[in-house]
Amino acid sequence: MKEVHCNLCGQNDYSVRYPATLGREDHHAPDARAFRCTSLDYGRHAQIVTCNKCGHVYANPVWDEDELLMLYGDVEDTTYIEERIGRVLTFQKHLKAFEKITGPGNGRTLLDVGAYIGVFVDVACQAGWNASGVEPSAWAVEIARQQHLPILHGTLDHPDLAANSFEAITMWDVIEHVADPAGELAKAYKLLKPGGYIAVHTMDIDSLLSRLLGPRWPWLMTMHIQFFSQRTLATMLEKVGFEIVWSAVQGRYLRLNYLSSRLTGVVPAAGSLFDQAIHAFNIADRPIPINFGDLFTIYAKKVS
Ligand SMILES: [Zn+2]
């Protein structure tokens with residue numbers, strides 16, 4: 001792990017917000033399982049700091065970009081496949097909201113960054129977009145390809161991605177995982193056509209739930225290293241050149257038994273009771289809309 005500067009303002013002037021809870025062994029070789037999408041690695045994280053200059057919250061010291069890429073390259077996550085129905089409903093809802101700004105797909109190009117097994121790409125294709133994705137996990141790309149979904153293996157540096165070629169770019173739950181979010185947003189900016197839109201979705205460190213739970217906020221996990229608020233993400237997008245179009249809280253759909261496994265990770269006794277109840281009523285597989293107010297989306301436009 002190494003010391004890093006604030007990715008939003010470039011300064012190295014911070015206050016410790018939450019001390020590290022990781023063991024020393026994780027500093028050199030963190031477990032790739034902690035980097036899965038459905039990881040239940042709650043309560044374990046690197047030191048989390050707040051920038052004294054701009055207020056951005058980030059993990060510091062942290063693994064470098066190459067280490068992170070290697071970890072994400074190795075990610076395998078079968079729980080995510082089981083959660084497909086919840087993801088489909090969430091993505092359908094997110095796409096519908098995004099289309100109020102972009103207009104309908106009508107064969108226009110969309111790139112999903114960190115596409116994973118391609119659920120959003122699938123949803124967007126079905127809605128009429130010419131959608132494709134890019135994803136670092138070889139395992140996830142293979143699953144997507146088995147379903148004939150066009151997912152490139154790699155990152156935004158992939159040579160097949162051409163500048164000014166996309167009408168829309170989406171980043172669902174990706175920006176909190178990367179070492180250089182400003183750099184990734186700048187690459188996305190380049191790939192967009194002038195007038196194109198980006199949607200960025202992440203968790204909100206300034207949300208009421210985050211402030212109430214403090215160090216017990218469930219999104220403090222090994223794999224999350226950037227903690228944005230609507231303000232800090234908007235500032236970063238503007239620095240890159242984007243014009244902010246819309247910013248608001250957006251929830252998701254989860255199956256009840258997935259919710260129960262997550263709850264068990266945070267409050268074991270309550271989780272176990274909840275689990276018994278949903279199985280007793282035979283509703284464990286039912287997806288329900290969840291909104292704790294601690295996830296948000298920003299839409300921004302490439303003006304010129
Ligand atoms: Zn800063």
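Residues numbered from 1 in each chain as written. Predicted model: local features only at pLDDT ≥ 70, side-chain atom pairs only at ≥ 80, totals over all residues. Heavy atoms only, no water.

## Considering the nonpolar core
Counting residues in each nonpolar core, the largest one holds 49 residues, and the members touching the most others are I117 and F227. Taken together, the elements giving at least two residues each to this core come down to strand 3 (57–59), helix 2 (65–73), helix 4 (84–102), helix 5 (119–126), helix 6 (138–146), strand 7 (166–172), strand 8 (192–203) and strand 13 (295–302). (Core = buried A, V, L, I, M, F, W, Y, C linked by side-chain atoms within 4.5 Å. Buried < 20%, exposed > 50% of the residue type's maximum accessible area, 1.4 Å probe, protein only. Helix = DSSP H or I, 4+ residues; strand = E, 2+ residues; numbered from the N terminus.)

## Some words on the pattern of salt bridges
Evaluated as defined, the whole model comprises 5 salt bridges. A salt bridge links D13 to K53; the shortest N-O distance between them is 3.4 Å. With D13 in the segment before strand 1 (14–18) and K53 in the loop between strand 2 (48–51) and strand 3, this pair connects stretches of sequence that are 40 residues apart. With a relative accessible area of 54%, K53 lands in the exposed category. We note a salt bridge from K193 to E167, for which the minimum N-O separation is 3.1 Å. Taken together, the residues span a long stretch of sequence, with K193 in strand 8 and E167 in strand 7 at a distance of 26 residues. Classification of K193 by relative accessible area gives partly exposed; the value is 29%. By sharing partners, the salt bridges in this structure join D157, E184 and K187 into a single network. (Salt bridge = Lys/Arg side-chain N within 4 Å of Asp/Glu carboxyl O.)

## Examining the environment of S132
Turning to its location among the elements, S132 is positioned in strand 5 (residues 130–135). A C-alpha to C-alpha distance of 16 Å links S132 and K187, two positions 55 residues apart in sequence. Sequence-distant contacts of S132, that is, excluding residues within four places in its chain, are made with L110, L111, D112, V121, P150 and F166. (Contact = heavy atoms within 4.5 Å.)

## Things to note about helix 11 (residues 268–280)
Each full turn of the α-helix corresponds to 3.6 residues, which orients residues three or four apart in the same direction. In this model helix 11 runs 18 Å from its N-terminal to its C-terminal C-alpha over 13 residues, within 8% of the 18 Å that 1.5 Å per residue would give. One or two residues past the end of helix 11 sits N282, with phi positive at roughly 60 degrees. (Expected span 1.5 Å × (residues − 1).)

## Notes on the coordination of the zinc ion
In the first shell of the zinc ion, the protein supplies C6 (SG), C9 (SG), C51 (SG) and C54 (SG), at 2.2 to 2.3 Å from the metal. The sequence motif formed by the donor residues of the zinc ion is C-x2-C-x41-C-x2-C. Classification of C6 by relative accessible area gives buried; the value is 3%. For C9, a relative accessible area of 25% translates into the label partly exposed. (Donors = N, O, S within 2.8 Å, 3.2 Å for Na, K, Ca; no water.)

## Remarks on the packing of aromatic side chains
Counted according to the given criterion, the structure contains 7 aromatic pairs. Between Y189 and F242 the ring centres are 4.9 Å apart and the planes differ by 85 degrees, which places this aromatic pair in the edge-to-face class. Of the two residues, Y189 sits in helix 7 (residues 181–191) while F242 sits in strand 10 (residues 242–249), which places them 53 residues apart along the sequence. The structure contains a cluster of three or more aromatic residues connected by ring pairs, namely F91, F120 and W172. Of note, K302 hangs over the ring of Y189, and the distance from its end group to the ring centre comes to 4.9 Å. (Phe/Tyr/Trp six-rings, centres within 6.5 Å; stacked < 30°, edge-to-face > 60°. Lys NZ or Arg CZ within 6 Å of the ring centre and 35° of its normal.)

## Some remarks on the packing of helix 4 against helix 5
Following both chains from N to C, one finds helix 4 and helix 5 inclined at 50 degrees, their axes separated by 9 Å at the closest point. When the interaxial angle is binned, helix 4 and helix 5 end up oblique. You can see that helix 4 and helix 5 cross each other, and the crossing is right-handed. Contacts between helix 4 and helix 5 involve R84, R87, V88, F91, Q92 and L95 from the former and V119, F120, D122, V123 and A124 from the latter. Looking at side-chain class alone, the contact of helix 4 with helix 5 contains 7 nonpolar, 1 polar and 3 charged residues. (Axes fitted to C-alpha atoms, helices over the stretch in contact; angles between N-to-C directions. Parallel < 35°, antiparallel > 145°, perpendicular 65-115°, else oblique. Left-handed = near helix turned anticlockwise from the far one by under 90°. Nonpolar A, V, L, I, M, F, W, Y, C, P; charged D, E, K, R; others polar.)

## Regarding the sheet that holds strand 2
In sheet architecture, strand pairing relies on hydrogen bonds along the backbone and comes in two forms, parallel and antiparallel. Spatial strand order, 1-2-3-9: 4 strands in an open sheet with antiparallel pairing. The open sheet is flanked by strand 1 and strand 9 (226–227), the only strands paired with a single partner. Alignment of strand 3 against strand 9, held across 2 bridges, turns out to be antiparallel. Across the sheet, the residue bridging to V57 is F227, located in strand 9. (Pairing = 2+ DSSP bridges.)

## Some points on the side chain of S210
Locating S210 in the fold gives a position in helix 8 (residues 208–213). At a separation of 2.6 Å, a polar atom in the side chain of S210 contacts the main-chain carbonyl oxygen of I205. In contact with S210, other than residues within four places in its own chain, are Y18, D204, I205 and W217. (Polar contact = N/O pair within 3.5 Å; in protein donor to acceptor, adjacent residues only side chain to side chain.)

From the geometry alone we can't say anything about function, so treat these as descriptive.
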